[in-house]
Amino acid sequence: ACLAAAGIPALRMNADSLRRTTGFYPWRQLVAAVAGTDMQASDLQALLGADPTVSDLLPLLSPVLRTEIADTPATASLFGGGRAEKTQTVIIALLERLIPATAQVVIVEDAHWLDSASWQLLERFSRAFPHVTVTIVSRPLDPDALPFEARRLLDRPDRLVIQLEPFSRDGSVALVNAALGTIETASSIVDLIYSHAEGHPLFTIALALSLRDRGLLRVEANYAHLGLGDRSLSQIAFPDGVEGVVAERIASLTPAQQLTLKVAAVLGRSFDVEMLARLHPGDV
């Protein structure tokens, strides 16, 4: 939002834990943003066909497109590292024709899930587009587990590292109020959540919603207060971590709702209702 307000165009790609073994997958989002989701082989031919260095390599763009392009004799003979290197070449060539030569920002979310090929392409992209600021959002990275190109990118002298610390208690208060839709939350609730979440933002929000859904807190006149009845704070059992909270909330769903969630999970992080209805064994 801040970048948009400043008039700086921002492109975005998200790495995905479910796709971390699929080479170049995060780049689909960026390519779709600059080329559209319905780019066809004829469009690629019009853009790149006159370039002799990549005109025979268009099928290598398949990993970053929504449609598959059949191999040509030139690409069918490529394997392993040679194919990956040529794929990077043709992707860069495509982006050079689609990304404007004005100040841009590319935001890479969840970079800790990037596959090796995507790291290599990101390093090459940063060299090919010096006017583009690459912003990498990630959990702490293990340098020993990264490919050489990733280390070279992250070790550049012009890099700026911003380490996000856990939320303070005051910050946790704001998170709890935002999650519950309240103006004020009782100190006992904030202390309880903060002592368990320790400033972890997702865990803070998840615990607040868990307490609400379990009937352990009440919201009245935009004020959240404990509603324990005969129970004491020491009797409240908290799940371990965000995963535990999510599992607890799923367990509170009806069997039909849980079945729908399981079928949806098979489809992945994104799907349409029509596809879900076709796979669902019952009525959706």
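Residues numbered from 1 in each chain as written. Predicted model: local features only at pLDDT ≥ 70, side-chain atom pairs only at ≥ 80, totals over all residues. Heavy atoms only, no water.

1. Some points on the overall build of the protein
Secondary structure summary: the protein contains 13 helices and six strands in total. Rg of the C-alpha trace for the protein: 24 Å, well past the compact-globule value of 19 Å for 284 residues, more than 25% over. In terms of principal-axis extent, the alpha carbons of the protein reach across some 80 × 55 × 40 Å. Taken over 284 residues, the protein has a buried fraction of 34%. As displayed, the protein offers around 16,400 Å² of accessible surface, 55% of which is attributable to carbon and sulfur atoms. Looking at charge distribution, the protein has the averaged site of its 24 positive side-chain charges lying 2 Å from that of its 32 negative ones. (Helix = DSSP H or I, 4+ residues; strand = E, 2+ residues; numbered from the N terminus. Rg over C-alpha atoms; globule rule 2.2 N^0.38 Å. Buried < 20%, exposed > 50% of the residue type's maximum accessible area, 1.4 Å probe, protein only. Areas by Shrake-Rupley, 256 points an atom, 1.4 Å probe, with all protein chains shown as cover. Lys, Arg positive; Asp, Glu negative; His and termini not counted. Charge placed at Lys NZ, Arg CZ, Asp CG, Glu CD.)

2. Regarding the sheet that holds strand 4 (residues 184-185)
An order of 4-6-5 is seen for the three strands of this open sheet, with the pairing classed as mixed. Either end of the sheet is taken by a strand with one partner, and the two such strands are strand 4 and strand 5 (217-220). (Pairing = 2+ DSSP bridges.)

3. Overview of the nonpolar core
With 43 residues, the main nonpolar core has W27, L61, V90, L95, W119 and F125 as its most contacted residues. Those elements giving two or more residues to this core turn out to be strand 1 (10-14), helix 2 (27-35), helix 3 (41-48), helix 5 (80-98), strand 2 (104-109), helix 6 (116-128) and helix 7 (148-154). Per-element tally for this core: the top contributor is helix 5, with seven residues. Filtering out sequence-adjacent residues up to four positions away, W27 remains in contact with M13, V64, L95, S118, L121, L122 and F125. F203, L217, I236 and V245 belong to the second-largest nonpolar core, a separate cluster that totals 18 residues. (Core = buried A, V, L, I, M, F, W, Y, C linked by side-chain atoms within 4.5 Å. Contact = heavy atoms within 4.5 Å.)

4. Concerning the pairing of strand 3 (residues 132-136)
In this structure, strand 2 lies alongside strand 3, joined through five bridges in parallel fashion. For I107, the partnering residue across the bridge sits in strand 3 and is T135. Regarding topology, helix 6 serves as the crossover connection from strand 2 to the parallel strand 3, and that connection is right-handed. (Right-handed = clockwise from strand over helix to strand, strands pointing away.)

5. Notes on the packing of helix 8 (residues 169-180) against helix 9 (residues 187-197)
Packing of helix 8 against helix 9 brings their axes to within 10 Å, and their N-to-C directions diverge by 110°. Between helix 8 and helix 9, the angle is such that the two are roughly perpendicular. Taking contact as the criterion, the partners of R169, S172, V173 and V176 in helix 8 are, on helix 9, S187, V190, D191, I193 and Y194. For the contact of helix 8 with helix 9, the residue count by class is five nonpolar, two polar and two charged. (Axes fitted to C-alpha atoms, helices over the stretch in contact; angles between N-to-C directions. Parallel < 35°, antiparallel > 145°, perpendicular 65-115°, else oblique. Nonpolar A, V, L, I, M, F, W, Y, C, P; charged D, E, K, R; others polar.)

6. Here we look at the sheet that holds strand 2
Spatially, three strands are ordered 1-2-3 in an open sheet, and the strand pairing comes out parallel. Unpaired on one side and paired on the other, strand 1 and strand 3 mark the two borders of the sheet. Across the sheet, the axes of successive neighbouring strands diverge by a mean angle of 20°, strand direction being ignored. Against the sheet, helix 2 touches strand 1 and strand 2, its axis set at about 150° to strand 1. The strands touched by helix 6 are strand 2 and strand 3; relative to strand 3, the strand with the most contacts, the crossing angle is about 150°.

7. Here's the deal with helix 12 (residues 255-267)
Between its first and last C-alpha atoms helix 12 spans 19 Å; for 13 residues at 1.5 Å apiece the expected length is 18 Å, and the two agree. Looking at the residues trailing helix 12, positive phi occurs at G268, about 115°. (Expected span 1.5 Å × (residues − 1).)

8. Let's talk about the pairing of strand 5
Of the pairings in the sheet, the one linking strand 5 to strand 6 (residues 223-226) comprises four bridges and is antiparallel in character. The residue bridging R218 from the neighbouring strand is H225, located in strand 6. Joining the antiparallel neighbours strand 5 and strand 6 is a turn of two residues, in which A221 adopts a positive phi near 50°.

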